Amino acid sequence: MVGRPLKPQTKIFRDFEIETPSGDIKTLKEILICCPICHSSHVGNHGTRKRGNTRVQIYQCKNPNCAFLKHANQGKQFTIYSSLMVNSIVNHYLHEILAKLFKSEGKLINIRKNYSLSPSLMSYLNKKTL
Ligand SMILES: [Zn+2]
């Protein structure tokens, strides 16, 4: 056998803080880090990247059958923010916020006017809701 011995596969769990629409900070305990592409929990740490004044942990998908590998020769790299669970939790809150907005403002164009959202955020929201 050549190279480093294979590390045993371990699942990665992290705590994550999220601010809810009502302004509460919720700590989500032991979120399982999963690949956003293949949803596998077979992921590893992949160092950190600078983001503003802090550094964020990067994870990399280690699933040999990940769809990402069809057009890349390395596993998908992602942060806790884009990992599967956190992404779906954030989407859940986003939907909640949008549902409230649609109830009170009616149309997306009104929401844009009243909250002066950027065009890129608007097109993101459009994709999420249509
Ligand atoms: Zn993957």
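## Considering the overall build of the chain
Working step 1: Along the chain, the regular secondary structure elements total three helices and five strands.
Working step 2: The secondary structure elements of the chain, listed N-terminal to C-terminal, are β-β-β-β-β-α-α-α.
Working step 3: Over its C-alpha atoms the chain spans a radius of gyration of 18 Å, topping by over 25% the 14 Å that the globule rule assigns to 130 residues.
Working step 4: For the chain, the spread of C-alpha atoms along the three principal axes comes to 65 × 35 × 25 Å.

## So, the environment of Leu108
Working step 1: With respect to the helices and strands, the residue Leu108 is situated in helix α2 (residues 108–115).
Working step 2: On the basis of neighbour counts, which here come to 17 C-beta atoms within 10 Å, the residue Leu108 falls in the partly exposed class.
Working step 3: Between the C-alpha atoms of Leu108 and Leu125, which are 17 residues apart in sequence, the distance is 8.8 Å.
Working step 4: Excluding residues that lie within four positions of it along the chain, Leu108 makes contacts with Leu125 and Asn126.

## Focus: the pairing of strand β1 (residues 13–19)
Working step 1: A small share of β1 lies buried, amounting to zero of its seven residues.
Working step 2: As defined by bridge partners, β1 adjoins strand β2 (residues 25–32) across six bridges and the pair is classed as antiparallel. Opposite Phe13, over in β2, you have Leu32 as the bridge partner.

## Description of the sheet that holds strand β3 (residues 43–51)
Working step 1: In space, the three strands of this open sheet follow the order β3-β4-β5, with antiparallel pairing throughout. Edge positions in the open sheet fall to β3 and β5 (77–79), since each of these has one partner strand only. Between one strand axis and the next, the sheet turns by 35 degrees as a mean value, whatever way the strands run.
Working step 2: Pairing of strand β4 (residues 54–61) with β5, which is carried by three bridges, proceeds in the antiparallel orientation. Within β5, the position partnered with Ile58 by the bridge is Thr79.

## A few points about the confidence of the model for the chain
Working step 1: Scored by pLDDT, the chain comes out at a mean of 82, with 92% of its residues at no less than 70.
Working step 2: Confidence scores differ between elements of the chain, with helix α3 (residues 119–129) showing the lowest mean pLDDT of 71 and β5 the highest of 93.

## Examining the nonpolar core
Working step 1: Counting residues in each nonpolar core, the largest one holds eight residues, listed as Ile33, Cys34, Cys35, Val43, Tyr59, Cys61, Phe78 and Leu84.
Working step 2: The residues contacting Ile33, other than those within four sequence positions of it, are Ile12, Arg14, Val43, Tyr59, Ile80 and Ser83.

## What to know about unusual backbone geometry
Working step 1: The backbone of Glu30 shows a phi angle near 50 degrees, a positive value even though the residue is not glycine.
Working step 2: The topology assignment puts Glu30 in strand β2.
Working step 3: A residue is classified by how many C-beta atoms lie within 10 Å of it, and Glu30, with 9 of them, is exposed.
Working step 4: The phi dihedral of His39 is positive, around 70 degrees, even though this residue is not glycine.
Working step 5: Looking at the secondary structure, you find His39 in the loop between β2 and β3.

Cut-offs applied
- Residues numbered from 1 in each chain as written.
- Predicted model: local features only at pLDDT ≥ 70, side-chain atom pairs only at ≥ 80, totals over all residues.
- Helix = DSSP H or I, 4+ residues; strand = E, 2+ residues; numbered from the N terminus.
- Rg over C-alpha atoms; globule rule 2.2 N^0.38 Å.
- Buried ≥ 20, exposed ≤ 12 C-beta atoms within 10 Å, placed from the backbone.
- Contact = placed C-beta atoms within 7 Å.
- Pairing = 2+ DSSP bridges.
- Axes fitted to C-alpha atoms, helices over the stretch in contact; angles between N-to-C directions.
- pLDDT = per-residue confidence, 0-100.
- Core = buried A, V, L, I, M, F, W, Y, C linked by C-beta atoms within 7 Å.

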